[in-house]
Every structure is written in structure tokens, then in C-alpha cells.
Amino acid sequence: PLVAESETPVAISVRPAPAAARFSLRLDPAVAQSLGMVAGSPLDLRINRCAAVGERAAARLGPNEWLLLGPEPENEAIAGQIDAALAGHFYALVNIGRRDSALEISGRHAAAVLNSGCPLDLAANAFPAGSATRTLLGKAEIVLMRMTEAPAYRVECGRSFGRYVHDFLLAAA
């Protein structure tokens, strides 16, 4: 498991995100657009955008690919809601809740710390609130999300890379 919480003197917080239900959804974009929402998660997003409704969130990572997040205790309920909403449509839904882990990085230097190993321009005008994308952090593939205007990011990574990503961010801080 990751360290519970780490604070450094440079106004940065790196901590594990709460346990989450995670799904990879592959779906025809026209169906996603027509439905708008599935299981409380918005699907009518542009590519590389994310949005949250209550405790559920979605990130559109490609033309027909979404990452769906929700409270971990609702894992089975979310899967059932998605199956019910998409009945009659061709889609692929994979539960990746145990495959990945997530960190929350916040504070006024969060973008600079992430940029120590991430090649993206994380300035507010280049990566504004509602942005999400696949990228690299050091040698790890991640999904980087910025849900709010605050300098706060969510980093999703493979569970086996969790310690590496955590330690990388702490060293950068």
C-alpha cells in the first residue's frame, strides 16, 4: 500500500485517492452522445475531457474509450446500471478497480512537481479544469485528470507502479 499522506515544505500534498470503482468502457461515440449519461457518469464529453457528477466521474480518453469512476462500495451497482443502460448496444465494459490505484496531488506547486516527469504543459490555459489524458510520469503510464480550477490533479496508474509514482512525486517535491 501507498504511504497514507506526505506533506513537504513546498506547498504540495501527495496522497492516495480513496478506493474507487473503476471501469474501462468502449462504446460507439454516437451512442454515448445520444445517451449523455450512463450510471450517473457523463459520456457526452470531448476527447481528453473529464467531468464529475456527485461522486461519479468520467474521462473520455479516446474516440470510443471512457474511464468511469465511482465509490468503491457501489462497484457492482455501477456495473449493473451500465449494463442496463447499454442493453441493445455493442460495448465492452471491463472492471479495472483492482488493476489501478490513484494519487491526488494538490498545492500551488502541484503542476511543477508533475512536470518533473510529465512532458505535458500543465499551465491552466493548456490543461484547464476538466482535462484528462493518458501520458507518462517518469517511466510509468498514467491517466492525468484535473477536475477543478484548484491546482489539484488525480493520477491513475497501474497498481504495480503505485509505489514508483508516489516516490517519484515525493522526490520531485
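Below, the structure is looked at part by part. (Residues numbered from 1 in each chain as written. Predicted model: local features only at pLDDT ≥ 70, side-chain atom pairs only at ≥ 80, totals over all residues. Heavy atoms only, no water.)

**So, helix α4 (residues 162–172)**
Every buried residue belonging to α4 is among Gly162, Val165, His166 and Leu169, and all of these are buried. Buried residues along α4 cover an arc of 100° about the axis, so they all sit on one side. (Buried < 20%, exposed > 50% of the residue type's maximum accessible area, 1.4 Å probe, protein only. Helix = DSSP H or I, 4+ residues; strand = E, 2+ residues; numbered from the N terminus. Arc of directions from axis to C-beta.)

**Examining the side chain of Arg60**
Mapped onto the fold, Arg60 is located in strand β7 (residues 56–62). Reaching out from Arg60, the side chain makes a polar contact with the backbone oxygen of Gly62 at a distance of 3.2 Å. Only 2.6 Å separates the side chain of Arg60 from the backbone oxygen of Pro63, close enough to count as a polar contact. Ignoring anything within four residues of it in the chain, the contact list for Arg60 reads Pro29, Leu45, Arg46, Ile47, Asn48, Arg49, Glu65 and Trp66. (Polar contact = N/O pair within 3.5 Å; in protein donor to acceptor, adjacent residues only side chain to side chain. Contact = heavy atoms within 4.5 Å.)

**Some thoughts on the packing of aromatic side chains**
The full count for this structure, using the stated rule, is two aromatic pairs. When the centroid spacing of 6.0 Å and the interplanar angle of 50° are considered together, the rings of Tyr164 and Phe168 count as tilted. Of this pair, Tyr164 and Phe168 both sit in helix α4, four residues apart, roughly one helical turn. Taking the relative accessible area as the measure of exposure, Phe168 reaches 22% and is therefore partly exposed. (Phe/Tyr/Trp six-rings, centres within 6.5 Å; stacked < 30°, edge-to-face > 60°.)

**Section: the side chain of Arg22**
In this structure, Arg22 sits in strand β3 (residues 20–27). Here Arg22 falls in the buried class, since its relative accessible area comes to 4%. A polar contact of 3.3 Å, which involves the side chain of Arg22, links it to the backbone oxygen of Asp100. A polar side-chain atom of Arg22 sits 2.5 Å from a polar atom in the side chain of Glu156.

**Topic: the pairing of β3**
If a strand is regular, its side chains alternate between the two faces of the sheet. Buried residues dominate β3, accounting for seven of its eight residues. Where β3 lies against strand β8 (residues 65–71), seven bridges are found, and the strand directions are antiparallel. Within β8, the position partnered with Phe23 by the bridge is Leu68. Bridge analysis of β3 against strand β9 (residues 91–95) gives five bridges, and the strand direction is antiparallel. If you follow Ser24 over to β9, its bridge partner there is Val94. (Pairing = 2+ DSSP bridges.)

**Some words on the environment of Ile47**
Within the fold, Ile47 resides in the loop between β5 (41–42) and β6 (49–53). A relative accessible area of 40% means that Ile47 is categorised as partly exposed. Among all residues touching Ile47, those that are not within four sequence positions of it are Arg60, Leu61, Gly62 and Pro63.

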